[in-house]
Amino acid sequence: LTVLIPKAIRSSSNIMLVLAGIIVSGAMTSVLGFIKYIADPQTQLAAITYWQLGSFAYVDSLDQVMDRCKELGITTYAAHLGGKNNYDKEDYHGGSAFLIGNEGNGLTDHLADQADVFVKIPMAGKAESLNAAVAAAVLVYEAARQRNFA
């Protein structure tokens, strides 16, 4: 399982929560998408704290990561309000990459358009979006559940 964290998530606390949720799910193999220019000390601390529990990469461009996912046959899923299926209706047994946007703006159109599948996380009430760390945890735990990791 690969989780992509777009550069739009700039909050170090969110990134740390995303990493923690992924690690404890047992489903993670690598986290990609810490854009190289993020110099926030707390974000760097998050990567240092969790590096021994998984594989992390700083990348210059998520376009390159997306191209590599396609080369490797990894299905990319965008957490997106435009998803036809709820997240739990997809099959994550194969290579899976999740694209997570930030709470305010979601994914950029450019990045979302590169995804193979849009999935939605249903929400009751009037909330328009979930916290990025919560959305990542929901998706990763579903993948873990399907793979009998959790």
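Attention here is on the structure that accompanies the text.

**A closer look at the overall build of the protein chain**
A count of helical and extended segments in the protein chain gives five helices and seven strands. Listed N to C, the secondary structure of the protein chain is β-α-β-α-β-α-β-β-β-α-β-α in terms of helices and strands. Expressed as a percentage of its 150 residues, the buried residues of the protein chain come to 45%. Summing over all exposed atoms, the protein chain offers an accessible surface of approximately 7,700 Å²; the carbon and sulfur share of this is 53%.

**Some details on helix α5 (residues 132-146)**
Taking 1.5 Å of rise per residue, 15 residues should cover 21 Å, and α5 covers 21 Å from first to last C-alpha, within 8% of that figure. Listing the buried residues of α5 in full gives Ala132, Ala133, Ala135, Ala136, Leu139, Val140, Glu142, Ala143, Ala144 and Gln146. Looking one or two residues beyond α5, the residue adopting positive phi is asparagine 148, at roughly 60 degrees.

**Points about the nonpolar core**
Ranked by internal contacts, the top residues of the largest apolar core, which has 15 residues, are Tyr87, Tyr92, Phe98, Ile100, Val119 and Leu139. One finds Leu62, Ala78, Leu111 and Ala112 within the second-largest nonpolar core, a separate group that totals twelve residues.

**A word on helix α3 (residues 62-72)**
Residues that lie three or four places apart on an α-helix share one face, since the helix turns once every 3.6 residues. All of the buried residues along α3 are Leu62, Val65, Met66 and Cys69. The buried residues of α3 occupy an angular sector of 100 degrees when projected down its axis, which confines them to one face. Within α3, the exposed residues directed more than 90 degrees away from the buried face are Gln64 and Glu71. Just past α3, the residue glycine 73 takes up positive phi, approximately 75 degrees.

**A short note on the environment of tyrosine 87**
Tracing the backbone shows tyrosine 87 in the loop between β5 (85-86) and β6 (96-99). Counting along the chain gives 32 residues from tyrosine 87 to valine 119, while the straight-line C-alpha distance between them is 5.1 Å.

**What to know about the packing of aromatic side chains**
If you walk through the whole model with that rule in mind, you get three aromatic pairs. With a centroid separation of 5.8 Å and 35 degrees between ring planes, the pair formed by tyrosine 77 and phenylalanine 98 is classed as tilted. With tyrosine 77 in strand β4 (residues 75-79) and phenylalanine 98 in strand β6, this pair connects stretches of sequence that are 21 residues apart. On the basis of an interplanar angle of 70 degrees and a centroid distance of 5.1 Å, the ring pair of tyrosine 92 and phenylalanine 98 is categorised as edge-to-face.

**Things to note about the pairing of β6**
Neither face of β6 is open: one carries Ser96 and Phe98, the other Ala97 and Leu99, and all of them are buried. Across four bridges, β4 lies against β6 in parallel orientation. Paired with tyrosine 77 across the strands is phenylalanine 98, a residue of β6.

How each quantity is defined
Residues numbered from 1 in each chain as written. Predicted model: local features only at pLDDT ≥ 70, side-chain atom pairs only at ≥ 80, totals over all residues. Heavy atoms only, no water. Helix = DSSP H or I, 4+ residues; strand = E, 2+ residues; numbered from the N terminus. Buried < 20%, exposed > 50% of the residue type's maximum accessible area, 1.4 Å probe, protein only. Areas by Shrake-Rupley, 256 points an atom, 1.4 Å probe, with all protein chains shown as cover. Expected span 1.5 Å × (residues − 1). Core = buried A, V, L, I, M, F, W, Y, C linked by side-chain atoms within 4.5 Å. Arc of directions from axis to C-beta. Phe/Tyr/Trp six-rings, centres within 6.5 Å; stacked < 30°, edge-to-face > 60°. Pairing = 2+ DSSP bridges.

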